[in-house]
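# Architecture and fold: a report
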Amino acid sequence: MHAPDTPIWQPAPGRAAATHLAAFSKLMSTVDGQPYADYASLWQASVDRPDRFWSQVWDYSGVLGDKGSIALQQHGTMREARFFPEAALNYAENMLRRKDDALAVTFWGEDQVKRELSWWELNDLVSRLQQAMKEHGVQCGDRIAGYMPNMPETLAAMLAATSLGAVWTSCSPDFGTDGAIDRFGQTAPRILFCPDGYWYNGKQVQILDKLRVIAAGLPSVEKIVVVPYLGDTDAFAANLPQASTLDAFLQGFVARELVFTRVPFNHPLFILYSSGTTGKPKCIVHGHGGTLLQHLKEHQLHADIHAGDRLFYFTTCGWMMWNWLVSGLGSGATLMLYDGSPFAKGGHILWEYAQAYRCTHFGTSAKYIDGLKKIDLQPRLHYDLSCLRAVFSTGSPLVAESFDWAYDAIKADMNLASISGGTDIVSCFALGCAALPVYRGELQCRGLGMAVEIRNDHGKPVQGEKGELVCTKPFPSMPIGFWGDDSGEKYRKAYFDRFADVWCHGDYAELTAHDGMVIYGRSDAVLNPGGVRIGTAEIYRQVETFAQVMESIVVGQRWQDDERVVLFVKLRDGQALDAALVTAIKDKIKNGASPRHVPAKIIAVADIPKTISGKIVELAVKNVIHDEPVNNLSALANPDALQLFAKLPELQS
C-alpha cells in the first residue's frame, strides 16, 4: 500500500524527456522567453494566456488550415469568446493527412469478424462515400446519422460527411426505437447509416424491426444505407423503405483524390446527446476547430500518442469517447476499433486484441476494471503487453484500490490515467499525463488550457476541500450551442446558472495537494444526510471491495425532514444479503469513509438501471423511490429495472 503522498508510478527520466509534453514545453519556453521547469508552470501559463497557448498547440500539432491572425477574440461573456475567428480548416482533412500502406484501422467484432485497413484503403473508402454523398445532394450543414456499431464504415462515413462540411451524429444500434428517434428526430438527418445486425456476446442481434420503426419516425431521412456486418444486407435493405446496401450506394464511384471543404473554426462537426434521463436528450453541437485542437492537445501533450502508436478505447458510437478515439488519426495513430461485449470469451477478448496488435494505449471504463477484478482475470499472466504504455479509465471515478489492482494485474510500468470531462465538452477537464507521477485514486492533472477550479458553497476557490468543479476561462471545445436552442437560453442554464460567467460542470470534486483531482460523483447526486455533503463515489469505493457484490447504487431518501442514505446492491449468483454481510458492508463504509457515510438501509435488488453507455442512474432511482416520474425511459438500457425500486416496503420505515 502506497502512502497518499507517495506516487504509485512515475515515468523514468528518459521516458519523460521523450514525451510530446517535453518537446512542447521547450517550444513554449523559446516562444515566451522564459523556462517552464514543470507541469504546474506550463499549466499556469496556458490558462493565463490562452491565446498564446492554443496558437502554439495549432503550430506544434501541425494543423492543416488557415489559422488567421487572431487566436482568441474576447468580448462580453465567457460564452461569447471566439477562438481563431478568421480560421478556415476541416477536421477530416486533418484526420486523413496520411496516405500510405501502414495500418490505419483494425477492427474486431468480438471474435466473429476481423479486418484491417491501410491509410490508402481508408482514404479510398472515404473518397467513394464522399462522392456518393455529393451525388445524393449532401451539402455543407446537412446532418448525416449513424445508428452504427464501432466499425470502419462508421468511421469512414463520418469522415466523408465532415469532409463536405456536413454534420455527423450517431448512436449505437443497441439504442431502442424511442431513444434513437428522440435523438435523431431533433437533428433531422438526411442519410442514415445502419448495419444489418450486430454481434453481442457471441450471438447475432437482429434489428430490422427496430429500423422500420425508426425509419417511420424520422421523416427527414431520404436514404438508409445498410452496411454489411452479419452478411444479410440484400434481404435487410429489400425489406426497409428507402434503403440500399452500402455496395449499391457506392456503385459507380471510383476512389480519387479527396476534396475537403474548409469551414470556419466553429462550423458544426458533431452533434452529441446528453443521457436524456430527465427529458429529451440535449443536442450538444461541437465545432471543427475546437474538437480538433482539444483532441490533438489531449492525445499528444497528455496521452503522448505518436505516429504509429496503437490506440484502443472500448466505446460505442453513442458515447463521446468514440469521437475522442477516432481523432487519434490526427496524430498518425492506428485505431483499434472493437464492437461487442467487453467480456466476450470470458473477459479475454480485449486483451487478446491488445496483444495481437501490440496496443500502446488501452482505454476502458472504471466499471470494466472493477469487473475484471471481480472475475479475477489478470491480463499480465496471460498476455504480452510489453508495448502497453498507458491505460485510460473514465465513465465513473476509478477508486484507489483499482489503481493498486491495475498495477498488479495489468502492468507495473504504465501510465494509469483516470480521465474526466464529458459529452458537454467532448474532452476532459482533468486527465492523465505521461510525464507526471500517478497517485492512488487521483486524476493526475488539470488539462492544459483549462482554467479549472474547485469552488465551495460560497463560490470561493479551494484546494484540499470538496466542491463544485468549474472552469473560469473560455476553451476551444465549449459547445457551439444546443441544436434548436436559437436563443442560447438552454445552453446558459445548463452551465452558467450557478456562478456568473463561470462554467459549472456538475461534478463534485477536490483539488489535491499534488494538483491532481479526485471526482466524488455528480453534484446533483451528492448525498446530504444531516446537512453534510457526501459524494457517492466515497461509498462505492468501499462497497466495491466486496466480492459478493456485483454492482451497487446509492441515493438519498427524504426522511423525517432530513435525508438518509440508502444503498442498493446487486449480488453475485448464490449470494444472499444476510445480517453478516450487511454488518460487514456498514463497518467497511464506517471505517473506510466515515460514520456519516453509513447507509441507513441496505437493500438487495436483482438489477441496477443504467444508461445505454453504461452509467448508473442515481437520479432516476431517486425519483422512483419518491414516487416521482422518470421522464425519458428510452435513455436507459434496462428501463424495466426501475420497477424494482418502486414502493419498496423496506423504505417505508
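Let me sum up the structure you'll find in this document. (Residues numbered from 1 in each chain as written. Predicted model: local features only at pLDDT ≥ 70, side-chain atom pairs only at ≥ 80, totals over all residues. Heavy atoms only, no water.)

Now for the nonpolar core. Of all hydrophobic cores here, the largest spans 128 residues; its most connected members are Leu122, Met133, Tyr147, Leu159 and Phe193. Setting aside residues no more than four positions away along its own chain, Met133 makes contact with Val138, Ile144, Ala157, Ala160, Ala161, Leu164, Ile191, Phe193 and Phe249. (Core = buried A, V, L, I, M, F, W, Y, C linked by side-chain atoms within 4.5 Å. Buried < 20%, exposed > 50% of the residue type's maximum accessible area, 1.4 Å probe, protein only. Contact = heavy atoms within 4.5 Å.)

With that settled, the discussion passes to the pattern of salt bridges. Across all of its chains, the model carries 29 salt bridges by this definition. Note that Lys466 is salt-bridged to Glu538, the shortest N-O span being 2.6 Å. With Lys466 in strand S26 (residues 466–471) and Glu538 in helix H19 (residues 536–543), the pair connects residues that are 72 residues apart, well separated along the chain. Taking the relative accessible area as the measure of exposure, Lys466 reaches 31% and is therefore partly exposed. Here Glu551 and Lys610 are joined by a salt bridge, their closest N and O atoms 3.0 Å apart. Note that Glu551 is positioned in strand S30 (residues 549–559) and Lys610 in the loop between strand S32 (601–604) and helix H21 (618–625), a separation of 59 residues in sequence. There is no split in this pair, since Glu551 and Lys610 are both buried. (Salt bridge = Lys/Arg side-chain N within 4 Å of Asp/Glu carboxyl O. Helix = DSSP H or I, 4+ residues; strand = E, 2+ residues; numbered from the N terminus.)

It is worth spelling out the state of the cysteines at this point. Throughout the structure, instances matching the rule amount to zero disulfides. Cys428 forms no disulfide, and the closest cysteine sulfur to it belongs to Cys445, at a distance of 9.8 Å. (Disulfide = S-S within 2.5 Å.)

As a further point, take the side chain of Asp485. Within the secondary structure, Asp485 sits in the loop between strand S27 (481–482) and helix H18 (489–496). Summary of buried charges: Asp485 has no salt-bridge partner, and the nearest side chain of opposite charge, Lys490, is 5.9 Å away. Here Lys490 takes part through its backbone nitrogen, which lies 3.2 Å from a polar atom of the side chain of Asp485. Excluding residues within four positions of it along the chain, Asp485 makes contact with Lys490 and Tyr491. (Lys, Arg positive; Asp, Glu negative; His and termini not counted. Polar contact = N/O pair within 3.5 Å; in protein donor to acceptor, adjacent residues only side chain to side chain.)

Before going further, it helps to spend a moment on the sheet that holds strand S13 (residues 243–245). Spatially, S13-S12-S9-S7-S8-S15-S16-S27 is the arrangement adopted by the eight strands of the open sheet, whose pairing is mixed. The sheet is open, and its two edges are formed by S13 and S27, each paired on a single side. Sheet analysis places strand S9 (residues 191–195) next to strand S12 (residues 223–227), joined by five bridges and oriented parallel. Considered in S12, the bridge of Cys194 is made with Val226. Its contacts with the sheet place helix H12 (residues 288–302) against strand S15 (268–273) and strand S16 (283–287), and it is angled at close to 75 degrees to S16. (Pairing = 2+ DSSP bridges. Axes fitted to C-alpha atoms, helices over the stretch in contact; angles between N-to-C directions.)

The periodicity of an α-helix, 3.6 residues per turn, causes residues three or four positions apart to be oriented the same way. Among the residues making up H18, those that are buried are Tyr491, Tyr495 and Phe496. What you see down the axis of H18 is that its buried residues fit within an arc of 80 degrees, all on one side. (Arc of directions from axis to C-beta.)

Here Gln444 shows up in the loop between strand S23 (427–431) and strand S24 (445–446). In this structure the side chain of Gln444 is engaged in a polar contact, spanning 2.9 Å, whose partner is the backbone nitrogen of Cys433. One polar contact links the side chain of Gln444 to the main-chain carbonyl oxygen of Pro437, over a distance of 3.2 Å. If near-sequence neighbours (up to four positions away) are discounted, Gln444 is found in contact with Asn415, Leu416, Ala417, Leu431, Gly432, Cys433, Leu436, Pro437, Val438, Asp515 and Gly516.

This part covers the packing of helix H6 (residues 119–135) against helix H7 (residues 152–163). To characterise two packed helices, one gives the angle between the axes of the helices and the distance between these axes. Following both chains from N to C, one finds H6 and H7 inclined at 55 degrees, their axes separated by 8 Å at the closest point. With respect to their mutual orientation, H6 and H7 come out oblique. In this structure, the crossing between H6 and H7 has a hand that is right-handed. Residues Leu122, Leu125, Val126, Leu129, Gln130 and Met133 of H6 form the contact with H7, whose participating residues are Leu155, Ala156, Ala157, Leu159, Ala160, Ala161 and Ser163. Its residues assigned to classes, the contact of H6 with H7 comprises 11 nonpolar, two polar and no charged. (Parallel < 35°, antiparallel > 145°, perpendicular 65-115°, else oblique. Left-handed = near helix turned anticlockwise from the far one by under 90°. Nonpolar A, V, L, I, M, F, W, Y, C, P; charged D, E, K, R; others polar.)

What the seven strands build is an open sheet, ordered S6-S5-S18-S17-S19-S20-S21; its pairing is mixed. With one partner strand each, in any of the chains shown, strand S6 (113–118) and strand S21 (415–418) form the two edges of the open sheet. For this sheet, the mean angle separating the axes of adjacent strands, direction not counted, is 15 degrees. Bridge count for strand S5 (residues 103–109) against S6 is six bridges, and the pairing is antiparallel. Each residue of the ladder has a partner; that of Val105, found in S6, is Leu117. The strands touched by H6 within the sheet are S5 and S6, with S6 carrying the most contacts at an inclination of about 90 degrees. Sitting on the sheet, helix H15 (residues 366–375) is in contact with strand S19 (361–365) and strand S20 (390–394), with an inclination near 90 degrees to S19.

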